[in-house]
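Overview (structure and organization)
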Amino acid sequence: MADDFSESLTPPVSPFTADSLCELMAARPPCFCCSETKEDPAGALPTEGYTARGSLKRLLLRLDPAPAEYETDTVEIFGFPWVTETALVESTKLLFGLCRQKVYRLETLVQSSSHDFGQAGNLHYEAEELRQQCVSFLQYVKVFLHRYLEPSSSLDASHLHPYEVLEAQLPSALLEELFGITLLIGRLKDLPSNVQSATTSLFTMSNQGKIFPPSWHLLHLHLDIHWSVLEILHLLGHKMQGQVVYAHQFVNLTGENLTDTSLFEEHLCSLLCDLTGLAIGKYSKVRPTEALSSHHYLCCCTKELWVLLMHLLEHRNKVLHTQSFWSYMNSLLRPLVTGKPAGEQFSGLPTHCKDPLGFTWWLVTHLAMLGQYNRNGTLQNEKHLGDNWTFVEELLKLTCNPKGSLAEEQVRMHAHCCLSLCLLWEPSTSAVSTLWEYYSRNLSASFTVPWLGMSGVGSLYKTPQALLEQARNCCSPFHLHSPGHTQLYRSANSFHIFLRVLALCLAQDRAGGVPQRQIKGRIYSKFSSKKMQELSEAGLMNFLLLFLVVARQVELEDVASRACELLGFLPTNCPPGHRTLIWRGQLSLLLLFQERGLDVGAQASWLASSFNETAKEFYNKTTEVSRKLALWGPLGSYLEGVAEVFETSPTLSLSEEKLLNEGFDWLLPACRLSELNSALGVLQTVLTQLRRVHQRSVQSAPTSVWAPATTSVVKERHLAVAAALWAHFFPFLRSLRLSQTPPAQLADAAAGFTLLAFDLPSSAPQDLQPSPVQSIMQSFGWDDMVHPLLVTRYLPHLLQNSELVSSLSSDSAVVVAGSAQSLSVRAWIRCILQQHLHKTPDGSDSKTGRAVEEQLCELTRLVLRLPEVDSLLQRAGLQPTSTRLEPTSVLEMFVKALGCVYSGLQLLSERSAMVTRALDYIGDILKHIKPSLVNKNQEGMQLAYWAVGCIVKHWSPLLATSKAQQLLFRIVDVLLLPHHLTQQDKAIRNSLPLYLQGLSVASSVSQSQGVYLRQQLRSVTRRYLDHFLPASPSMGIITNHPVLLSACEAILTSRGAALRKTILEVLCESFLQFKGHAPPPRLASVLMFLSELLRRNVDSDPALLTLPLPSLLRCVMLVNELQVRKMSTDALQLVVERCAAASTEGPCEQMITVLRSFAEENEGVYDRQVYSVLETVAVLDPSVVQALIPDMSVSLRNTEHKRGLGKNIALRSAYRKLLCLLGESGQAEITSLEAD
């Protein structure tokens, strides 16, 4: 090296000055640069690289490497100007010496660089400058060779110009210098570890962008030099037009041959070997789950170098007929896989690879992916690199070798790589055959990776649709770079990946050709009777999935027939788990037939026959419980599959009804509740789909281009499905309708049949004709014996169907006009009355009770929308105000509305019709509430009494008619006058005012039974006055006495007065009658009740007010108990004052009459006490007592006369005391008495 620089370095263009040089700076040549490129496996290569800048393309097209550069006479290289056209010829050693000097300098920077951040910027710029100088020099060499190098002629050297001699020696000298520079930089594998890891070294400065350490620049300079050497050698070979270039000086010194070809091969093999060695280092950190997302290159630059090598070697293979890229790689990798020594040209490959076979799969796959990059560095779906199936098939044989016994985690990764290669290249039939040989031997294996958990487990797909969907996924591979494909290792086992490979192979353009028939034949040949019987559940699932994939890709009928034939080899008494899978697979094939629009009759008949036999065993009483539990597995799977077949069918015209056979006659009665709910859910699905498809066919028929015959065929198929449903399901549903624990799905299924009868009335059985809809509604909705849980869930399905409601309202076949609506209202009222029958013993809501409550709210909302109900509410001017409809509140509003409308009717016919409707609405209401009375459920009892009380109060004129009065009599007898009162106290206490008020009105308007009703009213009043009257006076109890509450009203009405009159009459007759001198029992409580009744109602009618007056006068006269005397006096005062206030034209005649009778009754017995009582009255109203003076005076004289003892001084004194209170009339009478 010292010899190279012993002479002066004066540029050869002296004595020209620098001012005469072209001031135009050359553009930066392409180089490896990953500073601006993100790690995207499908992204473009670096923009400053050899592909993106067009360098590779120009090299392969033999174009000028830099057509716009080096056009001036001089060029600056390593800081010095040189003559462009002669510099390389005249100063070959000097220029390469300068290049080596720059490389040395950069290596020195790497060795001396520290982690001082303050120096990072300076080191970066210096290292970058050194690298750019070397890259620019190598670019100049390429341009010089392309423009100026010519093959040497055979002229005598003695006649040549010295420059021509140097020019002729340039190829040899250049070859020696290239060899020298490769020796200088060495191999990539020999770079220090800090240089190899420099791809991750990066600093970011806010103002100066990205800063790299010198090691980064050195690594990328090595890559530039390695690639440039191959470029230059390729250019040299092209320019020499096939002449072999020898390194003469090297040969003379060493005796070894060195040619351009040998140097290219040696350098290429070393580079491939080193790149592979770097990939081995990367693979050591790759997990199987990340095989396709983890790259084999250090950075984007090494990725680009792989792409450059691929295109260069493929080009040389086509043009120069040298080895292809894959040929080199196969020669490199084959010894690694087989464990044999590598060839001399590939010396230096690491021997410590953890998994040579897995690494080879991984590397080949990633290299094949890089083969999608074109010459411009962009990813395309075109294949720029030929396939390598020959070598891959060798790998497959090693993977599938039974002696190798590879674990699933390895096989899965290899299969994943194989699938990726199939997506990149055309699938290989030979590869599929090799894989099938492996999986046919291991079909019953689980294919699980223990450390991966459940994500990689091949699950037993729970429904036919899920199984078919998995087959569909296998036939629809993900895009190569999509997350779905790269993460396939986690989501699919190796067998599923094989199925994807198989599907790709079967789907090639030559479909139906020899390769496809070969694959199908090889698959068939592996299955025999013995093989089928040896399959485990997992193996049977894999078998089904395999045939579904094949069936999707080739002839469906042939594959399905073969699958059924093979499944027929399984014994009839196979385990239930196997039976489940067999049916599931068969149903998946049915779904596939549906997709293709093929009739499923044959397949469905075979499957339904097997289902029928299993259902019989399930029904058999001798079958053990454990066996039944096991049999439900296949039976439940069959139900799910039937639902999916019907759900996915667009027309239901492919013989799907064959699946609905007599097996259901055996199955349904034997089901437990949970199993029955599942079966009824499937039935509901079938009913819904049949109605939907039928309605769609009816709507499209007028505009359809189908022939009428085709339309009739479709309808015929729909009738066949309906007939199967009516025959095998409806009888069982009807047998459950009176159940006290109806399944949740029973109402839904019954509603489905009702709507089916509405859409296809002719399909209903004969026993439901001629009005099948009404017949079913009577059975499941209107019958009083049906459980409210069933009714409240059944009716809403129908009442929300406006077409059905309209049809029922106008149907002349209904017994009575509007009775369908009346019956629906009656069912609603019954459900309200019976909503509390489902309470648990502790009084809390059961699950059934909560369900009834929720469903009842929805039924209430729909009942309000019935035309009859809506009309009633509008005529009465009542509408619900709350957004949440409380059923009891709505019931009260409905009862009020009907009573209001009835009261407003004038015509007798209208009133009679309304009575009929009202009775239809409530039906036998006492029968509805009887369960609550019998069960002694407090909430139910209170609701029953309240509801009937509302009816009695608001419908009292209606109930008093001849049509309804018998119901009123029964209500009184059953609810109000039972033989025994046990637990009804609270219910009667809360609702008694409603009954008393209603009975009072009814007794006053009844034309035929008024007397009897009044008698009943008095009986009820008497009974509950006594029942709720406390033994001792208590204001709290008295003020809340239900009889008292019934008589109180804020605004006086004639109805209220009539009721109060009845109460006062009963009170006086039964509670204020003295037996001789003995007062009646509980007198104080009775008087307190009477006082409250008078006080809380401002009655002014003397006839009403004086009713209790005789009893009050007697109490004041005979009872000396302080409390009773005070209460009776207070009540007396209230009566006297009210009567006095009402009699504005003189003394109250009614009062006078009562007082006169009182005086006469007690004449000669209680004379003095009578005068005392009358004193009390005289204080309050003297006028009424004044009217009695003549009578009292006569009575006094008669008494004295009878005694025959003359004047009774004591009696006259008491009388005189009374007269003193009577004003002038009294004084006059006193004078008259003194004159006796």
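Residues numbered from 1 in each chain as written. Predicted model: local features only at pLDDT ≥ 70, side-chain atom pairs only at ≥ 80, totals over all residues. Heavy atoms only, no water.

Here the focus is the packing of aromatic side chains. Scanning the entire structure with this criterion turns up 47 aromatic pairs. Aromatic pair Y50 and W227: ring centres 6.4 Å apart, planes at 65°, arrangement edge-to-face. Linking Y50 in the segment before helix 1 (55–60) with W227 in helix 7 (residues 214–239), this pair joins segments that are 177 residues apart in sequence. Note on accessibility: Y50 and W227 belong to one class, buried. Here Y638 and F664 contribute two aromatic rings whose centre-to-centre distance is 6.4 Å and whose plane-to-plane angle is 45°, an arrangement assigned as tilted. Linking Y638 in helix 26 (residues 625–648) with F664 in helix 27 (residues 663–670), this pair joins segments that are 26 residues apart in sequence. One exposure class covers both Y638 and F664, and it is buried. Here the aromatic cluster, defined as three or more aromatic residues joined through ring pairs, consists of W436, Y438, Y439, F447, F495, F498, Y524, F527, F543 and F547. The aromatic ring of Y902 is capped on one face by R911, whose charged end is 4.3 Å from the ring centroid. (Phe/Tyr/Trp six-rings, centres within 6.5 Å; stacked < 30°, edge-to-face > 60°. Helix = DSSP H or I, 4+ residues; strand = E, 2+ residues; numbered from the N terminus. Buried < 20%, exposed > 50% of the residue type's maximum accessible area, 1.4 Å probe, protein only. Lys NZ or Arg CZ within 6 Å of the ring centre and 35° of its normal.)

With respect to the secondary-structure elements, K628 resides in helix 26. Looking at K628, the relative accessible area reads 22%, which means it is partly exposed. Remark: the alpha-carbon pair of K628 and K1207, spanning 579 residues in sequence, is separated by 111 Å. Those residues in contact with K628 that sit more than four places away from it in its chain are F618, Y619, N620 and T623. (Contact = heavy atoms within 4.5 Å.)

A few words now on the pattern of salt bridges. Considering all chains together, one arrives at 41 salt bridges under this definition. For R472, the salt bridge goes to E469, with nearest N and O atoms at 2.3 Å. With R472 and E469 both in helix 16 (residues 464–474) and three residues apart, this pair spans about one turn of that helix. Given a relative accessible area of 18%, R472 falls into the buried group. For E469, a relative accessible area of 32% corresponds to the partly exposed category. For D1191, the salt bridge goes to R1156, with nearest N and O atoms at 2.8 Å. Placement of D1191 in helix 56 (residues 1189–1203) and of R1156 in helix 53 (residues 1149–1161) is noted, with a sequence separation of 35 residues between them. (Salt bridge = Lys/Arg side-chain N within 4 Å of Asp/Glu carboxyl O.)

Sheet topology note: the strand 1 (residues 74–77)/strand 2 (residues 80–83) ladder contains four bridges and is antiparallel. Its bridge partner being in strand 2, I77 is matched across the sheet by F80. In sequence, strand 1 turns back onto strand 2 through a hairpin of two residues, with F78 there showing a positive phi of about 55°. (Pairing = 2+ DSSP bridges.)

To continue, consider the environment of Y163. Among the structural elements, Y163 can be located in helix 5 (residues 162–185). Under the relative-accessibility criterion, Y163 is labelled buried at 19%. Sequence-wise, Y163 and T86 are 77 residues apart; in three dimensions their C-alpha atoms are separated by 8.7 Å. If sequence neighbours within four positions are ignored, Y163 has contacts with E85, T86, V89, E90 and F144.

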